[in-house]
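Descriptive analysis of the structure
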Amino acid sequence: MTEPTSKRGLQTRIVHPEDALTPGFASFSTPVTRASTVVFPDLATMRALDWRNDAQWRYGLHATPTSITLAQRLAALEGGKHALLQSSGLSAISNVYFGIVKAGDDVLMPDNAYSPNREFGDWLARDFGITARYYDPLIGAGIADLIRPNTRLIWVEAPGSVTMEVPDVPAITAAARARNVVTAIDNTFSAGLAFRPFEHGVDISVQALTKYQSGGSDVLMGATITVDVELHLKLKRARMHMGIGVSVDDCSLVLRSLPSMKARFEAHDRSALALAQWLRTRPEIAAVLHPALPDCPGHASFKRDFSGAGGLFSVVFDARYSATQIDAFVEALELFAIGWSWGGSHSLAMPYDIASMRTASQWPHRGTLVRLYIGLEDEADLRLDIERAMTSALA
Ligand SMILES: *Cc1c(COP(=O)(O)O)cnc(C)c1O
């Protein structure tokens, strides 16, 4: 045992250890800097804090070196300048609402929006004095006719993550800019890789880092990414008031997955596109909704603006099958698990009743929709699994 170098008591030396990290150590990982209390060298430093500066240390809730490292990498990845981390994709969405809209304001949202976002807008409309209105996701430049003097925020989802309509984002953002309306995209589908929102006039990009950025189906986190500093500060102020923080251990997991994200996204993309093309040839399927296929609504926008689609698409079964039969198909799948979310290694399947989710556009299909998330399994095995489940459930 080495002799202690100071005369302090054992308990004091446990709280104030006298060891030092091995000098000269270096690795590829970002150190995990856990903190609630952040310690200031003196009062002058504490009093000189400026909340507008992201990379300064005030309190663990707001930022630590680990969380700021992740935020900066996400901003760089997506072509933004600033990023804020939230505790889930949904809390990133709520951060946008509370940062941008106030009582008396109007919000426009696509009819195919992520359902909890719809529910959020409806809740604010019911209890907080805003109006939330829905538009046909394929409205394009026609959005101009819906903008009112009090419209403050237009949501875009590209594509809608269940029904896959691809909006004409530049047409929507041009109309919004002409009227000084902020646009926010839920860009989770493209992971910030396959669609570059700031090149298409979007003001705020929202990511559910829970998906491809985590890649492991075991982390919940979100981000808002911006170019304009004043917009960033509006969101940052709301984030502070709401007490939104993230675990640096979770940040560390996402930092670990981020370098492999593009390779994973491309692998998901290859398998998903091959399976989507095969499913089009199947007599059980009435429509394959994959943005890279020509019959997907908004495909022309996808071709113009996107470089890939990743692992997510949907199929609509022929209307001769009952919803119960489609449930049996989903349950007969062995390699596709039943569960929400996506972005990890494992394939997933989920049936949806779309007609009940629409208010501003007509859903053209009569058969049941099943959303498929294509994981990293061998594509041939996934195909066999789907074939076998069709044979057993739909015969
Ligand atoms: C999953 C998801 C979210 C929400 O992310 P959570 O971290 O699960 O809250 C938001 N938007 C889209 C499109 C998503 O798929």
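Refer to the structure printed above.
Notes on the structure follow. (Residues numbered from 1 in each chain as written. Predicted model: local features only at pLDDT ≥ 70, side-chain atom pairs only at ≥ 80, totals over all residues. Heavy atoms only, no water.)

Grouped together as the largest cluster of nonpolar side chains are 57 residues, with contacts concentrated most on Leu70, Leu74, Leu85, Ile154, Met221 and Leu369. In contact with leucine 70, not counting residues within four places along its chain, are Leu85, Met221, Cys251, Val254, Leu255 and Leu258. Counting residues in each nonpolar core, the second largest holds 28 residues, with Ala276, Phe313, Leu382 and Ala393 among its members. (Core = buried A, V, L, I, M, F, W, Y, C linked by side-chain atoms within 4.5 Å. Buried < 20%, exposed > 50% of the residue type's maximum accessible area, 1.4 Å probe, protein only. Contact = heavy atoms within 4.5 Å.)

Now for the site of the ligand. The environment of the ligand is made up of 13 residues, and the closest members are Gly89, Leu90, Asp186, Thr210 and Lys211. Side-chain polar atom of threonine 210 to an oxygen atom of the ligand: 2.5 Å apart, as the coordinates give it. Interatomic distance of 2.5 Å between a side-chain N/O atom of lysine 211 and an oxygen atom of the ligand. Starting from 380 Å² of accessible surface for the ligand in isolation, the protein chains cover 91%. Split by residue class, the shell around the ligand holds five nonpolar, five polar and three charged. (Near = heavy atom within 4 Å. Polar contact = N/O pair within 3.5 Å; in protein donor to acceptor, adjacent residues only side chain to side chain. Areas by Shrake-Rupley, 256 points an atom, 1.4 Å probe, with all protein chains shown as cover. Nonpolar A, V, L, I, M, F, W, Y, C, P; charged D, E, K, R; others polar.)

Side chains of residues three or four places apart in an α-helix project in the same direction, reflecting 3.6 residues per turn. With 20 residues, helix α9 (residues 261-280) ought to run about 28 Å at 1.5 Å a step, and its terminal C-alpha atoms sit 28 Å apart, in line with that. Those residues of α9 not exposed but buried are Met261, Arg264, Phe265, His268, Asp269, Ser271, Ala272, Leu275, Ala276, Trp278 and Leu279. Of the surrounding secondary structure, the elements contacted by the buried residues of α9 are α3 (65-78), α8 (248-257), β8 (285-289), β9 (312-317), β11 (369-373) and α12 (379-394). (Helix = DSSP H or I, 4+ residues; strand = E, 2+ residues; numbered from the N terminus. Expected span 1.5 Å × (residues − 1).)

This paragraph deals with the packing of helix α4 (residues 89-100) against helix α5 (residues 115-127). At a minimum axis separation of 10 Å, α4 and α5 run at an interaxial angle of 35°. With respect to the hand of their crossing, α4 and α5 are arranged in right-handed fashion. Only Pro116, Asn117, Phe120, Gly121, Trp123 and Leu124 of α5 make contact with α4, whose side of the interface consists of Leu90, Ile93, Ser94, Tyr97 and Phe98. Of the residues in the contact of α4 with α5, the class split is eight nonpolar, three polar and no charged. (Axes fitted to C-alpha atoms, helices over the stretch in contact; angles between N-to-C directions. Left-handed = near helix turned anticlockwise from the far one by under 90°.)

Moving on, we get to the environment of proline 294. For proline 294, the location among the structural elements is in the loop between β8 and α10 (299-305). We classify proline 294 as exposed; its relative accessible area is 57%. Between the C-alpha atom of proline 294 and that of phenylalanine 120, which follows or precedes it by 174 residues, the distance is 33 Å.

Spatially, β1-β7-β6-β5-β4-β2-β3 is the arrangement adopted by the seven strands of the open sheet, whose pairing is mixed. Only two strands of the sheet have a single neighbouring strand rather than two, namely β1 (82-86) and β3 (131-135). The mean inter-strand angle of the sheet, taken between neighbouring strand axes irrespective of direction, is 20°. Here strand β5 (residues 182-186) runs beside strand β6 (residues 204-208); their pairing, made up of three bridges, is parallel. Considered in β6, the bridge of aspartate 186 is made with valine 206. Along the sheet face, α5 touches β2 (106-110), β3 and β4 (151-157) and points at about 145° away from the line of β3. (Pairing = 2+ DSSP bridges.)

Looking now at the side chain of arginine 358. Within the secondary structure layout, arginine 358 lies in the loop between β10 (348-352) and β11. Given a relative accessible area of 12%, arginine 358 falls into the buried group. Side chain to side chain, arginine 358 and glutamate 165 meet in a polar contact 3.1 Å long.

By way of backbone hydrogen bonds, the strands of a sheet pair with one another, either parallel or antiparallel. One open sheet accounts for four strands, arranged β8-β9-β11-β10; its pairing is antiparallel. Every interior strand has two partners, whereas the edge strands, β8 and β10, have only one. Neighbouring strand axes in the sheet, compared pairwise and without regard to direction, differ in orientation by 20° on average. Examined bridge by bridge, β10 and β11 share five bridges and lie antiparallel to one another.

It is worth spelling out the packing of α3 against α8 at this point. The contact between α3 and α8 brings their axes to 9 Å, and the two run at 40°. Classed by the angle they form, the pair α3 and α8 counts as oblique. α3 and α8 meet at a crossing whose hand is left-handed. Here Thr66, Ser67, Thr69, Leu70 and Arg73 of α3 come into contact with α8, specifically with Val248, Cys251, Ser252, Val254 and Leu255. (Parallel < 35°, antiparallel > 145°, perpendicular 65-115°, else oblique.)

Take a nonpolar patch on the surface next. A cluster of nonpolar side chains, namely Phe98, Trp123, Phe128 and Met242, defines an oily patch on the protein surface of about 340 Å² accessible area. Tracing the backbone shows phenylalanine 98 in helix α4. (Patch = residues over 30% accessible without salt bridge, like charges linked within 9 Å, V, L, I, M, F, W, Y side chains within 5 Å. Salt bridge = Lys/Arg side-chain N within 4 Å of Asp/Glu carboxyl O.)

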